[in-house]
Amino acid sequence: MDLNSDLGEGFGTWRMGDDEAMLDIVTSANIACGFHAGDPGVMRRVCARAAERGVTIGAHVGYRDLAGFGRRALDIAPADLTDDVLYQIGALDAFARAAGSSVKYVKAHGALYNTAAVDPAQAAALVEGVRQFGTGLALLCPPDSEMLRAASAAGVTGYAEAFADRAYTPEGQLVSRKLPGAVLHDADAVAERATAMATTGSVLDVAGGKLDLRAVSLCVHGDTPGAVDIARRIRASLTEAGVTVESFV
């Protein structure tokens, strides 16, 4: 099972989360590319640290919305979204290559992730940006999503992921962050959920039903309070359960 986290989400002198500590725990790093968070200095530093630790680098692409941290849906034309995705991948790959590595996969951020999960046009535009980069990049997707279907149709390798620290609706969607209980903070409970996802492929939704996720990667958010402790608990729990923790690519 892969363990990924959203990193490099600082900007200028403002810092978000503990990238250094998280890079000692996760196997894949979704690094912000400057549109929802991050800047050239942050991108360089996090890529360098990831390369040093052998952590797989992924481009965490989002809507061009620094003020809203990429969590506001934007009405953007598909062609423009494709160009924005391609631009972000290229920018991060430059810093990854300067660090002796390269971008291996793409993961959408925030509102783009949620929109492309259910909107065929946005999903296709996102996937087209990945395809045009041309190096066989993988794409992390929600299970049974428009994004995953668009990737398959375009010849892009899509991998299903699940969120260890987020609540799910009975329909398999992430509970909106506007609602209480959307983000989970109890480290032991999150670790237990993550281990269940890795060993059984399922998780309980907010109504108590069982969802079949079958993910190859688990995400723990780097900006959640106590994120480092939560990530450590998850990794320890997976190891204790006999799950090999390694990058999915």
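Source: prediction; values computed, not measured.

Colleague: Describe the overall build of the protein chain, with residues and values.
Modeller: Helix and strand counts for the protein chain stand at eight helices and nine strands. Expected size for 249 residues packed as a compact globule is a radius of gyration near 18 Å; at 16 Å, the protein chain falls within 12% of this value. Across its three principal axes, the protein chain shows a C-alpha extent of roughly 40 × 35 × 30 Å. Expressed as a percentage of its 249 residues, the buried residues of the protein chain come to 55%. Excluding contacts between residues fewer than 6 apart, the proportion of contacts in the protein chain whose partners are at least 24 apart in sequence is 72%. Carbon together with sulfur atoms contributes 51% to the accessible area of the protein chain, which is approximately 10,400 Å² in total. Counting 22 positive and 31 negative side-chain charges, the protein chain places the averaged centre of each group 3 Å from the other.

Colleague: Before we move on, could you go through the sheet that holds strand E1 (residues 2-7) and cite the residues and values that matter?
Modeller: The strand order E1-E2-E3-E4-E5-E6-E9 describes a closed barrel built from seven strands, whose pairing is parallel. Taking the axes of each pair of neighbouring strands and ignoring which way they run, one obtains an average angle of 35° across the sheet. In the sheet, E1 pairs with strand E2 (residues 28-32) via four bridges, with the strands oriented parallel. What sits directly across from Asn4, in E2, is Ser28. Contacting strand E3 (56-61), strand E4 (103-108), strand E5 (138-141) and strand E6 (158-163), helix H4 (residues 110-118) runs over the sheet at an angle of about 80° to E4.

Colleague: Break down the pairing of E5 for me, with residues and values.
Modeller: Residues Ala138 and Leu140 point to one face of E5 and Leu139 and Cys141 to the other, with burial holding for every one of them. In this sheet, E5 lies alongside E4 in parallel orientation, the contact comprising three bridges. The residue of E5 that forms the bridge with Lys107 is Leu140. The pairing of E5 with E6 spans three bridges and is parallel. In the sheet register, Leu140 faces E6, and the bridge partner there is Tyr159.

Colleague: A description of the packing of helix H7 (residues 187-200) against helix H8 (residues 227-240) should follow, citing residues and the corresponding values.
Modeller: Relative orientation of the contacting elements H7 and H8 amounts to 40°, with a least axis distance of 8 Å. Between H7 and H8, the interaxial angle falls into the category oblique. Along this stretch, H7 crosses H8, giving a crossing that reads as right-handed. Along the contact surface, H7 presents Ala187, Asp188, Val190, Ala191, Ala194, Thr195 and Ala198, while H8 presents Asp229, Ile230, Arg233, Ile234, Ser237 and Leu238. Partitioning the contact of H7 with H8 into residue classes produces eight nonpolar, two polar and three charged.

Colleague: Can you tell me about the packing of aromatic side chains, naming the residues and giving the values?
Modeller: This model, assessed by the stated rule, comprises four aromatic pairs. With a centroid separation of 5.5 Å and an interplanar angle of 85°, the aromatic rings of Tyr113 and Phe163 are classed as edge-to-face. You can see Tyr113 sitting in helix H4 and its partner Phe163 sitting in strand E6, a full 50 residues away along the chain. Overall, Tyr113 belongs to the buried group, its relative accessible area being 5%. Centre to centre, the rings of Tyr159 and Phe248 are 5.1 Å apart; their planes meet at 65°, and the pair counts as edge-to-face. You can see Tyr159 sitting in strand E6 and its partner Phe248 sitting in the segment after H8, a full 89 residues away along the chain. By relative accessible area, Tyr159 is classed as partly exposed at 25%. Judged by its relative accessible area of 12%, Phe248 falls in the buried class. In textbook terms, an aromatic cluster arises when at least three aromatic residues are bridged by ring pairs, as seen for Tyr105, Tyr159 and Phe248. Geometry around Tyr113 places Lys107 over its ring, the cationic atom sitting 5.8 Å from the centre.

Procedures and definitions
- Residues numbered from 1 in each chain as written.
- Predicted model: local features only at pLDDT ≥ 70, side-chain atom pairs only at ≥ 80, totals over all residues.
- Heavy atoms only, no water.
- Helix = DSSP H or I, 4+ residues; strand = E, 2+ residues; numbered from the N terminus.
- Rg over C-alpha atoms; globule rule 2.2 N^0.38 Å.
- Buried < 20%, exposed > 50% of the residue type's maximum accessible area, 1.4 Å probe, protein only.
- Contact = heavy atoms within 4.5 Å.
- Areas by Shrake-Rupley, 256 points an atom, 1.4 Å probe, with all protein chains shown as cover.
- Lys, Arg positive; Asp, Glu negative; His and termini not counted.
- Charge placed at Lys NZ, Arg CZ, Asp CG, Glu CD.
- Pairing = 2+ DSSP bridges.
- Axes fitted to C-alpha atoms, helices over the stretch in contact; angles between N-to-C directions.
- Parallel < 35°, antiparallel > 145°, perpendicular 65-115°, else oblique.
- Left-handed = near helix turned anticlockwise from the far one by under 90°.
- Nonpolar A, V, L, I, M, F, W, Y, C, P; charged D, E, K, R; others polar.
- Phe/Tyr/Trp six-rings, centres within 6.5 Å; stacked < 30°, edge-to-face > 60°.
- Lys NZ or Arg CZ within 6 Å of the ring centre and 35° of its normal.

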